[in-house]
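For reference, the chains in residue letters:
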Amino acid sequence: MDEIASLLEPQIPALRRYAWALLRADEAADDLVQDTLERAISRWSQRRRDGDVRAWLFAIQRNLFLNQIRQRKGRGVQVGQEALDLLPSAESSPEDHAGARDILTGLDALPEEQRSVLLLVGVEDLSYEQAAQVLGIPVGTVMSRLSRGRGRLRQFMEAGRSAVLRRVK
């Protein structure tokens, strides 16, 4: 059990960041990390000894997240207060505040497969090969999804504010 703990414990902060980026709520992210660790420990014997533990854990976490999405499909998107608390303070400029909110909104507007690739490569600093292993897709697909996701996020940041606003009469 000490071997398992020594391999899992250093991965918890990265799992937590990824879970929060997916869910934007502290409690839900903590629950997802706990579920991920429980699943990993219960299936430890099924892990490939020569495989990357980090990629394996991210794959478990993503699969659990996708299962949650399927179960909640009819409830709509829920964003925790923690997501708003982490936005720039009132002392910061309105542009900074709007920019951070736009990034979060832009990420939420991406299809899940592009958002996952962006978070794994851009935030968690996984290699393309590790991200491909987590997502169960070829490296070329990771590269194309990353490119499309970055492009859509860039387009949203350049035109998103005006595209989101509606004229009210």
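Remember, it's a predicted structure, so these values are computed and weren't measured experimentally.

Caption draft 1: The nonpolar core, seen in detail. Within the largest apolar cluster, 42 residues are counted, with the highest numbers of intra-cluster contacts made by L8, L57, F58, L120, V134 and V142. Counting only elements with at least two residues in this core, the list comes to α1 (2–8), α2 (12–23), α3 (26–42), α4 (53–72), α7 (112–123), α8 (128–135) and α9 (139–164). If near-sequence neighbours (up to four positions away) are discounted, L8 is found in contact with L37, I41, W44, V53 and L57.

Caption draft 2: Spotlight on unusual backbone geometry. For R24, which is not glycine, the phi dihedral falls at a positive 60 degrees. With respect to the element layout, R24 can be found in the loop between α2 and α3. At D125, a residue that is not glycine, the phi angle is positive and equals roughly 60 degrees. Among the secondary structure elements, D125 is positioned in the loop between α7 and α8. Of the residues examined, D125 reaches a relative accessible area of 62% and is grouped as exposed.

Caption draft 3: Representation of the packing of aromatic side chains in the model. Summed over all chains, the structure comprises 2 aromatic pairs. With a centroid separation of 5.3 Å and 85 degrees between ring planes, the pair formed by Y18 and F58 is classed as edge-to-face. Within this pair, whereas Y18 is found in helix α2, its partner F58 is found in helix α4, the two being separated by 40 residues in sequence. With a relative accessible area of 1%, F58 lands in the buried category. Consider the rings of W44 and W56, whose centres lie 5.7 Å apart with planes at 70 degrees: the pair is edge-to-face. Taken together, the residues W44 in the loop between α3 and α4 and W56 in helix α4 connect sequence positions 12 residues apart. The residues W44 and W56 share a single accessibility class, namely buried. A cation over a ring is seen here: R47 above W44, with NZ or CZ 4.4 Å from the ring centre.

Caption draft 4: Summary view of the side chain of R62. With respect to the element layout, R62 can be found in helix α4. R62 gets classed as buried once you look at its relative accessible area, which sits at 9%. When near neighbours in sequence (up to four residues on either side) are disregarded, R62 contacts Y18, E112, S116 and L135.

Caption draft 5: Expanded view of the environment of L32. Positionally, L32 belongs in helix α3. For L32, a relative accessible area of 0% gives the class buried. Remark: the alpha-carbon pair of L32 and L64, spanning 32 residues in sequence, is separated by 7.4 Å. Each residue touching L32, except ones within four places of it in the same chain, is listed here: A19, L23, Q61, L64, F65 and Q68.

Caption draft 6: Structural view of the pattern of salt bridges. Within the structure shown, the criterion is met by 7 salt bridges. Linking D26 and R16 is a salt bridge whose minimum nitrogen-to-oxygen distance equals 3.3 Å. One end of the pair, D26, is in helix α3; the other, R16, is in helix α2, and 10 residues separate them in sequence. For D108, the salt bridge goes to R24, with nearest N and O atoms at 2.7 Å. Of the two residues, D108 is situated in helix α6 (residues 94–109) and R24 in the loop between α2 and α3; the sequence distance between them amounts to 84 residues. For R24, a relative accessible area of 4% translates into the label buried. Here the residues in one salt-bridge network are R16, D26 and D30, joined through shared partners.

What counts and what doesn't
- Residues numbered from 1 in each chain as written.
- Predicted model: local features only at pLDDT ≥ 70, side-chain atom pairs only at ≥ 80, totals over all residues.
- Heavy atoms only, no water.
- Core = buried A, V, L, I, M, F, W, Y, C linked by side-chain atoms within 4.5 Å.
- Buried < 20%, exposed > 50% of the residue type's maximum accessible area, 1.4 Å probe, protein only.
- Helix = DSSP H or I, 4+ residues; strand = E, 2+ residues; numbered from the N terminus.
- Contact = heavy atoms within 4.5 Å.
- Phe/Tyr/Trp six-rings, centres within 6.5 Å; stacked < 30°, edge-to-face > 60°.
- Lys NZ or Arg CZ within 6 Å of the ring centre and 35° of its normal.
- Salt bridge = Lys/Arg side-chain N within 4 Å of Asp/Glu carboxyl O.

The values reported here are purely geometric and, on their own, carry no functional implication.
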